Protein chains: 2
Amino acid sequence: MQLYGFWRSSATFRVRVALALKGIEVSQTAVNLEEGEQHDPAFLAINPQAALPALVIPGLGVLTQSSAILEYLEETQPTPALLPADPFGRARVRSLAGLMASDTHPLVVPRVRKYLTGPGGNLDLTAWRGWQVTWLTRGFQAMEARLAGDPATGVFCHGDTVGMADICLASVMAIARVFKIEVADIPTVDRIMARCDALDAFKQADPFKQVGAPATA
Amino acid sequence: MQLYGFWRSSATFRVRVALALKGIEVSQTAVNLEEGEQHDPAFLAINPQAALPALVIPGLGVLTQSSAILEYLEETQPTPALLPADPFGRARVRSLAGLMASDTHPLVVPRVRKYLTGPGGNLDLTAWRGWQVTWLTRGFQAMEARLAGDPATGVFCHGDTVGMADICLASVMAIARVFKIEVADIPTVDRIMARCDALDAFKQADPFKQVGAPATA
């Protein structure tokens, strides 16, 4: 498999972690979103949406959108499972994952920054940072509200096994860390993140360990 | 089942259509996002994230996040299927669904409008409309780029059977129609939308037919 990604892409982070947890070997290619490389004709032939990640499955084709890729990996390489077995539990995990990957992350991606700091939005860098802080804070606070006090929450977001919700939580936390945004009073999130941070699959996906990343945060 | 929604909520639209396609009876309750009813303590007890939709499954609990709900319905009531059988096809459908539900829709929701037209963004209504038009246009154009010329595209987004990608496409088109935003030069999208519009499940989910909606567009 060949993974096209960007060092600080939150969606690419998710795929890197899922592949590592499942022990799937992958070769990686960097596509620089800041320099617009996703609009190069060579990459558009891979993903006409000009978005990351893209995972090439030999003999089959190209997978895009991180949540679709995670579900594909779960269906084709079920062990270790990233979703629980029961439908209600699966829905809870997917819902927590969606809170991060659909409700939070899409607001702070490079194309939104380019729009808002350009003529359409006219935000200065302070206002842009306010936007980043607002949505990351609201996202993590909503995660905290849902996780804290729910008996289905365990050592990880759902029980004591790492899974899709943890991957999506950590993927948005990775962005917050890149931009040095700290959110206070989210003890359950912090506790789960400490467990994720201790796992090799998450360590290896650290944005600063990827090709194209700056030397330090 | 009890569905909490809002007349023009794109995410609620998806659940309405999926329930109707699968022939599942549901009772609906309106939560007015414009008036902030999602922050009422009574609703926060249902969904601490203060977001729609929420689907109460008797004896089990509350499901949230439209994509998680659609997957739950698919797993528990598999017929008619909203996903194809093969993993690669399923990933394609989920990816197209994500392009709409994760990459496009979260940018044009009420909480984003409130932020951008408030002190944090300071956009006037013309600039807000520019934002809406930009992201809906880019989203539909990206769908068009992916659908057109892909042999997996059929009468609907994936083959000749209506499914999750069509539901998500129509859910974002419903928003575009509410705000009278037309996107040109998306013939494949338009052709698929015409097929969706002809189905009862989509007709019944029309925002203007829901409780709390204004009389006309």
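About the cut-offs
- Per-chain numbering applies: the sequence of each chain, read as written, is numbered from 1 onward.
- Whichever chain is written first is A, and whichever ligand is written first is 1; the rest continue in order.
- Selection of residues for local features in this predicted model requires a pLDDT of at least 70, selection of side-chain atom pairs for listing and counting requires 80 or more, and totals for whole chains, interfaces and linings are taken over all residues.
- Remark: hydrogens and water are excluded; side-chain values derive from all non-hydrogen atoms of the structure.
- The term salt bridge refers to a side-chain nitrogen of Lys or Arg lying within 4 Å of a carboxyl oxygen of Asp or Glu.
- A run of DSSP states H or I qualifies as a helix once it reaches four residues; a run of E qualifies as a strand once it reaches two. Both are numbered from the N-terminal end.
- Only protein chains enter the accessibility calculation, which uses a 1.4 Å probe. A residue is then buried if its area is under 20% of the maximum for its type, exposed if over 50%, and partly exposed in between.
- All axes here are fitted lines through C-alpha atoms, helices being fitted over the stretch that makes contact, and every angle between N-to-C directions spans 0 to 180 degrees.
- In what follows, roughly perpendicular refers to angles from 65 to 115 degrees, roughly parallel to angles under 35, roughly antiparallel to angles over 145, and oblique to any angle outside these ranges.
- Contacts are assigned to residue pairs that have any heavy atoms within 4.5 Å of one another.
- Throughout, the ten residues Ala, Val, Leu, Ile, Met, Phe, Trp, Tyr, Cys and Pro are labelled nonpolar, Asp, Glu, Lys and Arg are labelled charged, and all others, Gly among them, are labelled polar.
- A simple way to read buried area is as the amount of 1.4 Å-probe accessible surface that goes missing from two parts once joined, with both sides added.
- A 3.5 Å cut-off defines polar contacts: any pair of N or O atoms within that distance qualifies, except that in protein one atom must be a possible hydrogen donor and the other a possible acceptor, and neighbouring residues in sequence count only when both atoms are side-chain atoms.
- All copies are superposed by least squares; the fitting set is the C-alpha atoms of residues with a pLDDT of at least 70 in both.
- Only strands joined by at least two bridges in the DSSP assignment are considered to pair.

Some points on the pattern of salt bridges
Reasoning step 1: All told, the structure shown has 20 salt bridges over all chains when counted by the stated rule.
Reasoning step 2: Here Arg113 of chain A ties to Glu34 of chain A by a salt bridge, and the two come within 2.6 Å at their closest N and O atoms. Note that Arg113 of chain A is positioned in helix 5 (residues 110-116) and Glu34 of chain A in the loop between strand 2 (27-30) and helix 2 (41-44), a separation of 79 residues in sequence.
Reasoning step 3: Arg94 of chain A is the partner of Glu71 of chain A in a salt bridge, and the nearest nitrogen-oxygen pair spans 2.7 Å. Placement of the pair is Glu71 of chain A in helix 3 (residues 66-76) and Arg94 of chain A in helix 4 (residues 87-101), with a sequence separation of 23 residues.
Reasoning step 4: Looking at Glu71 of chain A, the relative accessible area reads 7%, which means it is buried.
Reasoning step 5: It is possible to trace a salt-bridge network through shared partners that takes in Glu71, Glu75, Arg90 and Arg94 of chain A together with Glu71, Glu75, Arg90 and Arg94 of chain B.

Some details on the packing of helix 6 (residues 125-147) of chain B against helix 8 (residues 187-197) of chain B
All names here are of chain B.
Reasoning step 1: Viewed as axis vectors pointing N to C, helix 6 and helix 8 meet at an angle of 90°, and their least axial separation amounts to 8 Å. It follows that helix 6 is roughly perpendicular to helix 8 by the angle criterion. Taking contact as the criterion, the partners of Phe140, Met143, Glu144 and Leu147 in helix 6 are, on helix 8, Pro187, Thr188, Val189 and Ile192.
Reasoning step 2: Per-class residue counts for the contact of helix 6 with helix 8 are six nonpolar, one polar and one charged.

Observations regarding the interface of chain A and chain B
Reasoning step 1: On the chain B side, the residues contacting the 42 residues of chain A number 42 residues.
Reasoning step 2: Contact with chain B buries surface across chain A, with Phe88, Arg94 and Tyr115 of chain A losing the most and accounting together for 17% of the total.
Reasoning step 3: In this assembly, chain A and chain B are joined by eight salt bridges.
Reasoning step 4: Taking the shortest distance from any N to any O, the salt bridge between Asp103 of chain A and Arg111 of chain B comes out at 3.8 Å.
Reasoning step 5: On the surface where chain A and chain B come into contact, there are 17 residue pairs in polar contact (both at pLDDT 80 or more).
Reasoning step 6: Those elements that provide at least two residues to the side of chain A that touches chain B are strand 4 (61-64), helix 3, helix 4, helix 5 and helix 6 (125-147) of chain A.

Notes on the relation of the copies chain A and chain B
Reasoning step 1: The transformation that overlays chain A on chain B combines an axial shift of 0.0 Å with a rotation of 180°, and the residual RMSD is 0.0 Å. Those values place the two copies in the arrangement expected of a two-fold rotation axis. Among all residues of chain A, the minimum C-alpha distance to the rotation axis is found for Ser102 of chain A, at 2.3 Å.
Reasoning step 2: Comparing interface residues between copies, 100% of those in chain A also sit at the interface in chain B, which points to an isologous, same-surface contact.

Brief notes about the sheet that holds strand 3 (residues 54-57) of chain B
Residues and elements named next belong to chain B.
Reasoning step 1: With respect to topology, four strands assemble into an open sheet ordered 2-1-3-4, the strand pairing being mixed. Across the chains shown, the open sheet's two edge strands, defined by having one partner strand only, are strand 2 (27-30) and strand 4 (61-64). Within this sheet the neighbouring strands show an average axis-to-axis angle of 25°, counted without direction.
Reasoning step 2: Relative to strand 4, strand 3 is paired through four bridges, and the arrangement is antiparallel. Directly across from Val56, in strand 4, lies its bridge partner Val62.
Reasoning step 3: Running over the sheet, helix 1 (residues 10-21) touches strand 1 (2-5), strand 2 and strand 3 and is turned about 150° from strand 1.

Digging into the environment of Lys180 of chain A
Reasoning step 1: Residue position: Lys180 of chain A is located in the loop between helix 7 (164-178) and helix 8 (187-197).
Reasoning step 2: In this structure Lys180 of chain A comes out as exposed when scored by relative accessible area, which is 53%.

Focus: the pairing of strand 3 of chain B
Residues in a regular strand point their side chains to alternate faces of the sheet.
Reasoning step 1: Pairing geometry for strand 1 of chain B and strand 3 of chain B, over three bridges, is antiparallel. When the sheet's bridge partners are listed, Gln2 of chain B is paired in strand 3 of chain B with Val56 of chain B.

Points about the sheet that holds strand 1 (residues 2-5) of chain A
Residue and element names in this part refer to chain A.
Reasoning step 1: Reading across from one edge, 2-1-3-4 is the order of the four strands in this open sheet, with mixed pairing throughout. The open sheet is flanked by strand 2 and strand 4, the only strands paired with a single partner. This sheet shows a mean twist of 25° between the axes of neighbouring strands, independent of strand direction.
Reasoning step 2: Helix 1 (residues 10-21) contacts strand 1, strand 2 and strand 3 (54-57) of the sheet and is inclined by roughly 150° relative to strand 1.

A look at helix 3 of chain A
Reasoning step 1: Of all eleven residues that make up helix 3 of chain A, eight are buried, and the element is covered over most of its length.
Reasoning step 2: Tucked into the core, helix 3 of chain A has its buried residues touching helix 1, strand 3, strand 4, helix 4 and helix 7 of chain A together with helix 4 (87-101) of chain B.

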